[in-house]
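# Results of the structural survey
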Amino acid sequence: MSQQAFLRDAMRRMNFTRDTLAQRIGITRRALDSWLLPDESAETRKMPDIAQRFVLEILKSAPSYTQSVDSVRPGNGELAHHLLSVDGYTRDSVEALLRVADIMQPIARRQKTTRVLEGAVLANLFFEASTRTRLSFSSAFARLGGSVCDTTGFTFSSMAKGESIADTSRVISGYADAIVVRHPELGAVAEFARATHVPVINAGDGPGEHPSQALLDLYTIQREFSRVDKLIDGAHIVFVGDLKYGRTVHSLSKLLALYRNLRFTLISPQSLMLPQHLVESLAQKGHHIEQTHDLQSGLKGADVVYATRIQKERFAQEETLEAYSADFQVNQALINATCAAHTLIMHPLPRDSRPGANDLSIDLNHDPRLAIFKQTDNGIAVRMAIFATLLGVEDQVQYSLREVGWRVPVYLGAEDEVPYGDQ
Ligand code: NCD
């Protein structure tokens, strides 16, 4: 395991911030930051063996935490080998998956390659529009050494000829070792899963769930919080926008609910509020919830602002809201007036940048708090972790790494940045 993955795993297991870990092992925060930089970064430093032994010593007293393969997989009973919803995750099992994602980072950042899925084939079936989800699932599978075949839209699939989901699913089981499905109807992906023994991953089922997006969002929150010494426990999370149809919010709110004492502020137009069953389940788990239509007051003190696009394509015929009024637009002036220097600004993307859409404003593009491309970059490592665990190769990855053979750009993106320029 890389030194970065080792240290991140240690902090996760002990629920330590960087400051706490640095203090416990008697080093400066600056030294710890330099150990956590990617290997190829010019500022990275090797952690001395003695420090590693010290961390291992502290870990011995950490609360029980299982790293078994089973715990990485959500326990959805008979559907345990699919990823249809985030419902089966516990805090331990989700963190174990994030640990596997850390192990994938050198591959996602193109420093290493692996062939652990050599010979395996992924079927990527997208019956709804997608750019990042479809391409990042393909890229993640390919970076594990597998290959990908796909189909896009109903028009070019046999469903246009009236074929059932069950028949389609059964047929594809003969071609592929994993199936990723995005479908406009709630429950359609589960129907795919029922007809096959090949692992099925829900890449979005209508207004239902989008588990892989929520996992990469959680991973991003945890990584970014770690840079500014925050824990997820106790955080103030603000969801803004179409909370009724936004499936990424549905899945992410459930994952965040696994942590302790969160404060959720839910800001949406009246007609697009978070479904009541999700609000109730957050409340049942002891989190504090406020629902408001007022962006200015709702954003105050946010640790995370998670904005979303209006899901017009899911509106019932009688629903008319075309775009947000300007009252729902998260922009630079509003963020400056309400949020602190370390607030994370997130969005699952795509954001609707057309005039009048009032989605997350592009005037935030140079704001270091904007984490949208950290989310997309992290999507590769997290989706690799999902495939590796569903197909049972996660323990082989670290022993299979080889150097890349091609020239890689020096600067890839988000991870190369100094944390908010203030460390
Ligand atoms: C989202 C989706 O499809 O649910 N996008 C994504 O997968 N990152 C959000 C959206 O379409 O607005």
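Predicted model only: the values in this text are computed from it and were never measured. (Residues numbered from 1 in each chain as written. Predicted model: local features only at pLDDT ≥ 70, side-chain atom pairs only at ≥ 80, totals over all residues. Heavy atoms only, no water.)

## Considerations on the environment of Asp205
Basically, it comes down to this: In this description a helix means any DSSP run of H or I spanning at least four residues, a strand means any run of E spanning at least two, and both kinds are numbered starting from the N terminus. In this scheme, a residue with accessible area under 20% of its type's maximum is buried, one over 50% is exposed, and one in between is partly exposed, where area comes from a 1.4 Å probe on protein chains only. Contacts are assigned to residue pairs with any non-hydrogen atoms lying within 4.5 Å of each other. In the analysis that follows, any N or O atom pair within 3.5 Å is treated as a polar contact, provided that within protein one partner can donate a hydrogen and the other can accept it, and provided that, for residues neighboring in sequence, both atoms belong to side chains.
The topology assignment puts Asp205 in strand β5 (residues 200-205). You can call Asp205 buried: its relative accessible area is 8%. For the pair formed by Asp205 and Ala190, sequence separation is 15 residues and the distance between their alpha carbons is 8.8 Å. Not counting the four nearest positions on each side in its chain, Asp205 is found in contact with His183, Glu185, Leu186, Gly187, Val189 and Arg247. A distance of 2.8 Å separates a polar side-chain atom of Asp205 from the backbone nitrogen of Glu209.

## So, the domain arrangement of the protein chain
Here is the rule: Where each domain starts and ends follows an automatic or database-derived domain assignment. Buried area: the accessible area, evaluated with a 1.4 Å probe, that two parts lose upon being put together, summed over both parts. In what follows, salt bridge is the name for a side-chain nitrogen of Lys or Arg lying within 4 Å of a carboxyl oxygen of Asp or Glu. Residue polarity is assigned by list, with Asp, Glu, Lys and Arg as charged and Ala, Val, Leu, Ile, Met, Phe, Trp, Tyr, Cys and Pro as nonpolar; anything else, Gly included, falls into the polar class.
Here the protein chain is described as being made up of domain 1 (1-64) and domain 2 (212-374). Counting from both sides, the interface comprises 9 residues of domain 1 and, opposite them, 11 residues of domain 2. Around 820 Å² of area is buried between domain 1 and domain 2 when both sides are counted, 35% of it from carbon and sulfur atoms. Linking domain 1 to domain 2 there are 1 salt bridge. The interface formed by domain 1 and domain 2 includes 8 residue pairs in polar contact (both at pLDDT 80 or more). Elements with a contribution of two residues or more to the side of domain 1 that touches domain 2: α1 (3-14) and α2 (18-24). Counting residues per element, the side of domain 1 that touches domain 2 draws most heavily on α1, at 3 residues. Residues that form the side of domain 1 that touches domain 2 fall into these classes: 2 nonpolar, 2 polar and 5 charged.

## Describing the sheet that holds strand β10 (residues 344-346)
We count it as follows: DSSP-based pairing: two strands are paired if at least 2 bridges between them are found. Note on method: axes are straight lines fitted to C-alpha atoms, helices fitted across the in-contact stretch only, with angles between N-to-C directions ranging 0 to 180 degrees.
Read across the open sheet, the 5 strands follow the order β8-β7-β6-β9-β10; overall the sheet is parallel. Two strands in the sheet have a free side with no partner beyond their single neighbour: β8 (288-292) and β10. Within this sheet the neighbouring strands show an average axis-to-axis angle of 15°, counted without direction. In this sheet, β8 lies alongside strand β7 (residues 263-267) in parallel orientation, the contact comprising 5 bridges.

## Looking at the packing of aromatic side chains
Rules: Working definition: rings of Phe, Tyr and Trp (its six-membered ring) pair if their centres are within 6.5 Å, and the pair is stacked with planes under 30 degrees apart, edge-to-face with planes over 60 apart, and tilted otherwise.
Applying the stated criterion across every chain, the model contains 7 aromatic pairs. Centre to centre, the rings of Phe127 and Phe192 are 6.4 Å apart; their planes meet at 25°, and the pair counts as stacked. Of the two residues, Phe127 is situated in the loop between β2 (121-126) and α7 (132-143) and Phe192 in helix α9 (residues 188-194); the sequence distance between them amounts to 65 residues. You can call Phe127 buried: its relative accessible area is 6%. Ring centres 5.6 Å apart and planes at 35° place the aromatic pair Tyr245 and Phe315 in the tilted group.

## Some points on α7
Test applied: Take the residue count of a helix, subtract one, and multiply by 1.5 Å to get its expected span.
Between its first and last C-alpha atoms α7 spans 16 Å; for 12 residues at 1.5 Å apiece the expected length is 16 Å, and the two agree. Of the residues making up α7, those classed as buried are Thr133, Arg134, Ser136, Phe137, Ser138, Ala140 and Phe141. Buried residues along α7 sit against β2, β3 (147-152), β4 (178-183), β5, α10 (211-227) and α15 (372-390). At the exit of α7 stands Gly145, carrying a positive phi of roughly 100°.

## Things to note about the pattern of salt bridges
Scanning the model with the defined rule gives 26 salt bridges in all. In this structure, the salt-bridge partner of Arg99 is Asp9, at a minimum N-O distance of 3.4 Å. Separated by 90 residues along the polypeptide, Arg99 in helix α6 (residues 91-108) and Asp9 in helix α1 bring together distant segments of the chain. Of the two residues, Arg99 and Asp9, both sit in the buried class. Note that Asp303 and Lys230 form a salt bridge whose closest N and O atoms lie 2.8 Å from each other. On the criterion of sequence distance, the pair formed by Asp303 in the loop between α13 (295-298) and β9 (304-307) and Lys230 in the loop between α10 and β6 (236-240) is long-range, its members being 73 residues apart. When salt bridges that share partners are traced, they join Arg18, Asp19, Arg29, Asp33 and Asp229 into one network.

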